[in-house]
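Understanding the architecture of this molecule
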Amino acid sequence: MSFNSVIFRHLTINEPRFKCIFKIQDSILFSIRSFLRSEGFIEILAPIIGPCTDPGIRGAKLVSIDYYGSKFKVMSSMILYKQMMIKCYPKIFALSPNVRIEPLEAVSTGRHLAEFRQIDLEVAYAKCEDMLNLAERLLKKVIDDVLTNCSDELKFLGRELTPLKIPFKRYTYDEAIELLSSMGYHVSYGCEIPWDAEEALSSLHKEPFWITSYPISARGFYYLEDESRPGFLRDFDLIYPDGYGEAISGGEREYRYEFVVERMRRNCEDPSNYSWYIEMLKDGVPPSAGFGIGVERLTRYICGLRYVWDAVPFPKIPGVISP
Ligand code: AMP
Ligand code: MG
């Protein structure tokens, strides 16, 4: 794999295909913002650093900085802050920058960056069902708008994109594991679905599809356990078709202080590392649900790009030194 186009980005950034990609990306961001505003959301400013961040990031490392003598983290996701912000306003979203030092092997997936952005949203008192419905309508609108506004750019990129048919198919984690097993992928039960298996499952489909109800052991402490199905979460992932892999992760949040502390202990997390978050939960936050959708991955899918690093002007590929 050659990364010259990224290392010498100043020589490649004026290629016509990049003009097409970033025009399409602008349409995507514009549509997301107008759709969410029309649904009653307000856009907020995302944090970049803080005393703690999302630990549930599948083997990637967090970045720490010295903040006036205290150790601060660079946001791997703003999930904990979203739970705070819905105390202020019930429907919020942000274009949130995230840094994760992904393992070097992640490069081979073509869908992992070390710096990326999510459209991250949260809704007070919402349930999973509301979020699946919102995400489906959001993606449909984004793609309809790109088809209307960027047909020349799609044609230049050779991308044949068709309007989405919603609702998307739904699998539970158990069903997805079973399907994978029939395809010869044996996922160890209770873990995240490995990258190669996720890609194989994605390649089997022609439309995006959901995987819901992950086992509690697969995910972070902030997802709500399903009362009607102990051991499983009220959560979901959306997977793009045609091998593009994961698009969205989200779910209902565990918001009760004692339950979060217990879950942290089970995950071998020290609650004292999350002191403001724990204090906030003690005070009380509303129940909520939300999700994050990776902007570069969405651009990659819509433009039909082989690599996610062509979906961002100044990409940070794990292990590659570039502007
Ligand atoms: P996660 O919190 O890991 O579920 O990430 C939320 C969303 O951000 C994912 O569904 C992806 O769309 C996107 N994402 C996560 N990790 C990366 C990465 N390393 N590079 C690019 N996008 C990512
Ligand atoms: Mg995820």
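Procedures and definitions
Residues numbered from 1 in each chain as written. Chains lettered and ligands numbered in written order. Predicted model: local features only at pLDDT ≥ 70, side-chain atom pairs only at ≥ 80, totals over all residues. Heavy atoms only, no water. Helix = DSSP H or I, 4+ residues; strand = E, 2+ residues; numbered from the N terminus. Rg over C-alpha atoms; globule rule 2.2 N^0.38 Å. Buried < 20%, exposed > 50% of the residue type's maximum accessible area, 1.4 Å probe, protein only. Contact = heavy atoms within 4.5 Å. Areas by Shrake-Rupley, 256 points an atom, 1.4 Å probe, with all protein chains shown as cover. Lys, Arg positive; Asp, Glu negative; His and termini not counted. Charge placed at Lys NZ, Arg CZ, Asp CG, Glu CD. Disulfide = S-S within 2.5 Å. Donors = N, O, S within 2.8 Å, 3.2 Å for Na, K, Ca; no water. 1 Å grid on protein atoms, 1.4 Å probe; cavity = no way out; pocket = protein on both sides within 12 Å on 5 of 7 lines; lining within 4 Å. Points joined across faces, edges and corners; volume = space filled by probe spheres on them. Nonpolar A, V, L, I, M, F, W, Y, C, P; charged D, E, K, R; others polar.

1. Some remarks on the overall build of the protein chain
Along the protein chain, the regular secondary structure elements total 11 helices and 11 strands. Expected size for 323 residues packed as a compact globule is a radius of gyration near 20 Å; at 19 Å, the protein chain falls within 12% of this value. C-alpha atoms of the protein chain, sized along the principal axes, occupy 55 × 50 × 40 Å. Here the protein chain, with 323 residues, has 54% of them falling under the buried criterion. Taking all contacts inside the protein chain whose residues are at least 6 apart in sequence as the whole, residues at least 24 apart take part in 71%. As displayed, the protein chain has an accessible area near 14,600 Å², and 55% of this comes from carbon and sulfur atoms. Of the charged side chains in the protein chain, 39 are positive and 44 negative; the average position of the first set lies 3 Å away from that of the second.

2. Regarding the state of the cysteines
The final tally for this structure, using the stated rule, is zero disulfides. Free of any disulfide, Cys88 has its nearest cysteine sulfur in Cys52, 19 Å distant. Left unpaired, Cys303 is separated from the closest cysteine sulfur, that of Cys150, by 8.4 Å.

3. Regarding the coordination of the magnesium ion (ligand 2)
At 2.1 to 2.4 Å from the magnesium ion (ligand 2) lie its protein donor atoms, namely Glu246 (OE) and Ser249 (OG). A relative accessible area of 15% places Glu246 in the buried class. Classification of Ser249 by relative accessible area gives partly exposed; the value is 22%.

4. Details of the layout of surface pockets
The space that makes up the largest pocket amounts to roughly 720 Å³. As for the largest pocket, its lining consists of 38 residues, and the residues nearest its centre are Gly56, Arg100, Gln118, Glu246 and Ser249. Looking at the lining of the largest pocket, the elements that each hand over two or more residues are α4 (79–85), β6 (115–124), α8 (195–203), β10 (245–252), β11 (288–294) and α11 (295–303). Looking at which element gives the most residues to the lining of the largest pocket, the answer is β10, with five residues. Of the residues contributing to the lining of the largest pocket, the split by class is 14 nonpolar, 10 polar and 14 charged.

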